[in-house]
Every structure is written in C-alpha cells, then in structure tokens.
Amino acid sequence: MLAFANAKINLGLNVIEKRTDGYHNLETVFYPVKLYDVIEITDAPQTRCFIKGIDIPGGTTDNICLKAYQLLKNDFDLPPQQITLLKNIPVGAGLGGGSSDAAFLIKLLNTKFNLSLSDLQMEAYAGKLGADCPFFIRNKPVFATGIGDVFSPIEIELSNYYIVLVKPAVHVSTADAYHGIKPMDAITSLKDLIHLPLKDWKSNLKNDFENTVFSKYPEIERVKNELYRSGALFAAMSGSGSCVFAVFDQDIKLPELEKNNKVFYNV
Ligand SMILES: C[C@](O)(CO)[C@H](O)COP(=O)(O)OP(=O)(O)OC[C@H]1O[C@@H](n2ccc(N)nc2=O)[C@H](O)[C@@H]1O
Ligand SMILES: Nc1ncnc2c1ncn2[C@@H]1O[C@H](COP(=O)(O)OP(=O)(O)OP(=O)(O)O)[C@@H](O)[C@H]1O
C-alpha cells in the first residue's frame, strides 16, 4: 500500500511566547504543496525501514516512520511491516518532510489494518511525534495556533499561481532556530492579515525566524531578494528554514538560483 506524503509551507509565522515546557506558542498558516515523498508498506517477517532518494541524518534506524509505526503498535496488534521511503523533500528545510512521512504512515496503517481511528485521534498520535505532524492528517490549508497543533480552517487558494521552492545548501536545525528567537505578540493577527490581497502580503506577512536565520546564513536572504528581483509577488522562508518559497503569477525559470540551490518549480 502506497502513500504520497507532501510538503508544507508556512504563509507567515509569528512566534508569540515561550511556554514552560520549552516549546513556543505561534501563529501560522500551513499550506500543503505538491512536492512528495513516497511511502510503501508491505507485510514482512520483521519491521524494517529502507530509504531511497535523499540521504537523511539518522538513516534507517532513527527514522520517524519507525517511530510512527511503534506508536500505533503500542496500542494495536500490528503485524511487522517493511516501510520503504522514497525521500524527495529536502531535510532541514522547514518543509515538514519528516512530519509528513509520519502522519501519512499513521493514515496508511489506519487504512490497511482497519483501525477506525478518526482524524482527531490520528492528530493526537501525530502530535506525539512532532509539532508539525498533526497538520498533515487533514492536510488542508489552516490557520494554526498553540505549538502549531490547534487549527481553524481557512479559505486560501493559490492554485492559479506558480509556487517555487528554493532550497539553499544549508541545513537549519529547528531547535536552534527557536533558541535564537525573541517571542513577541503580533499587533495584528495573521488570521486577519492572510485575507489581504496577495499583492499586500509582501508588506504585511512576516516569518519571525528570518531575522536570526538570515544573520547566520546570509545566503538564504540573498535567495529571497533574488526571488523578488525575479518578479515574485510574495517570497518568504518556510518554517525555520532553510527553504525559501515564492509565489509568481506566471511560469518562470530561475537559472541563476539553480546554480547554488535546489529549485522545485510549480509545487
Ligand atoms: C518551525 C515549524 O516548522 C513551523 O511550522 C514548526 O514549529 C517546527 O515543528 P517540528 O519540526 O515538528 O518541531 P518538533 O520536532 O516538535 O520540535 C523540535 C524542536 O523545536 C522547538 N519547537 C518546536 C515547535 C514549537 N512550536 N516550539 C518549539 O520551541 C523545540 O525546541 C523542539 O525541541
Ligand atoms: N523520514 C524523515 N524525513 C526527514 N527527516 C527525518 C525523517 N526521519 C527522521 N528525520 C530527522 O528529522 C530531522 C528534520 O526533519 P524534517 O525534514 O521534518 O525537518 P524540516 O525540513 O526542518 O521540517 P520542519 O522543521 O518544518 O518540521 C532530520 O534532520 C532527521 O534527522
């Protein structure tokens, strides 16, 4: 049985406050994009994980897919599974690739073994694996608060635009990015700002990680600036980086950016 686990981008991200458990409350808009890992599960004599495509730090033994399997195995009588992951989503990019793999694996196991888990129950399992994970259960554009796990649906439609992802050759650790940040309550909630016309996003939406991440890795800021020079209507870093996404109103090629970065068109 196969699943296509997509990436996400964050349309705006405000880090609001540090919590006593060490996590941060934030507000963001999660938007699914068309860049996919592929996950296959098959019955096998023992549970193992094989990875093809992009290398992942931690490799097969420490993979989040195995953690997701084990989480459900603790509560359900699951037979051993071979998990084959074709990794296409860059790692350390702010695209939620690992989180998506875990959420889609939960959905696969739920279907394959008729576990009858509701979306809410699957979100609770996903929340044990990472803050970004629960979003990928329903996988629809949402305004998110809490640690990124409290959702209200929003109507955002970018399918008439062209979204480009640019991944610089820099791996940003999410935990480090949060350490570098000074939380601040937003003057106007992203929940309202996101409904401004797209042409106004550039001057109204922000990603609070950009300041600190850009000062450590100036090449990421150069990518964002180049995207605006190339005619982007909106460009921003996704999550804690290092990927920068841009929204264009026409199909475009970015040969200059392709020289030093991995570029994904029309996601
Ligand atoms: C930056 C975002 O991608 C925005 O969507 C997410 O907030 C990150 O979510 P994630 O990668 O699933 O994060 P996790 O794997 O749960 O946590 C990694 C580390 O990031 C920090 N972390 C994460 C999420 C959050 N709301 N506050 C935090 O402070 C914590 O130090 C945590 O130890
Ligand atoms: N299936 C997996 N895919 C990607 N990373 C994985 C996976 N399993 C474990 N990891 C570990 O998780 C770390 C980061 O994962 P991920 O790709 O979700 O980060 P990210 O791109 O920064 O996304 P985000 O911060 O938005 O969740 C990697 O450094 C790797 O060690």
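Residues numbered from 1 in each chain as written. Chains lettered and ligands numbered in written order. Predicted model: local features only at pLDDT ≥ 70, side-chain atom pairs only at ≥ 80, totals over all residues. Heavy atoms only, no water.

For the chain, an unreviewed UniProt entry supplies the name 4-diphosphocytidyl-2-C-methyl-D-erythritol kinase and the organism Pedobacter metabolipauper. Looking at the Sequence similarities (unreviewed entry) heading of the UniProt record, one finds this comment for the chain: "Belongs to the GHMP kinase family. IspE subfamily." Regarding the chain, the relevant UniProt record gives this comment under Pathway (unreviewed entry): "Isoprenoid biosynthesis; isopentenyl diphosphate biosynthesis via DXP pathway; isopentenyl diphosphate from 1-deoxy-D-xylulose 5-phosphate: step 3/6." (UniProt positions renumbered as here; feature names shortened; annotations may be inferred.)

Novice: So what's going on with the site of ligand 1? Which residues, and what values?
Specialist: Y23, H24, A131, D132 and Y178 are the nearest of the 19 residues found near ligand 1. Separating an oxygen atom of ligand 1 from a side-chain N or O atom of Y23 is a distance of 3.0 Å. Backbone polar atom of I147 to a nitrogen atom of ligand 1: 3.1 Å apart, as the coordinates give it. In the complex, the protein chains occlude 82% of the 650 Å² of accessible area that ligand 1 would expose alone. (Near = heavy atom within 4 Å. Polar contact = N/O pair within 3.5 Å; in protein donor to acceptor, adjacent residues only side chain to side chain. Areas by Shrake-Rupley, 256 points an atom, 1.4 Å probe, with all protein chains shown as cover.)

Novice: An account of the domain arrangement of the chain is requested, with residue identities and associated values reported.
Specialist: Once the domains are mapped, the chain shows domain 1 (2–153) and domain 2 (162–265). When each unit is reduced to the centre of its C-alpha atoms, the spacing between domain 1 and domain 2 is 23 Å. Around 2400 Å² of area is buried between domain 1 and domain 2 when both sides are counted, 68% of it from carbon and sulfur atoms. Of all residues in domain 1, L11, L13 and V15 give up the largest surface area on contact with domain 2, accounting jointly for 22% of the area buried on that side. Applying the counting criterion to the domain 1 and domain 2 interface returns zero salt bridges. At the boundary of domain 1 and domain 2, one finds 16 residue pairs in polar contact (both at pLDDT 80 or more). Breaking the side of domain 1 that touches domain 2 down by element, the ones donating at least two residues are strand 1 (2–18) and strand 2 (24–43). For the side of domain 1 that touches domain 2, the element with the most residues is strand 1, which contributes 11 residues. Classifying every residue of the side of domain 1 that touches domain 2 gives 16 nonpolar, nine polar and four charged. (Domains from an automatic or database assignment. Buried area = accessible area lost by both parts, 1.4 Å probe. Salt bridge = Lys/Arg side-chain N within 4 Å of Asp/Glu carboxyl O. Helix = DSSP H or I, 4+ residues; strand = E, 2+ residues; numbered from the N terminus. Nonpolar A, V, L, I, M, F, W, Y, C, P; charged D, E, K, R; others polar.)

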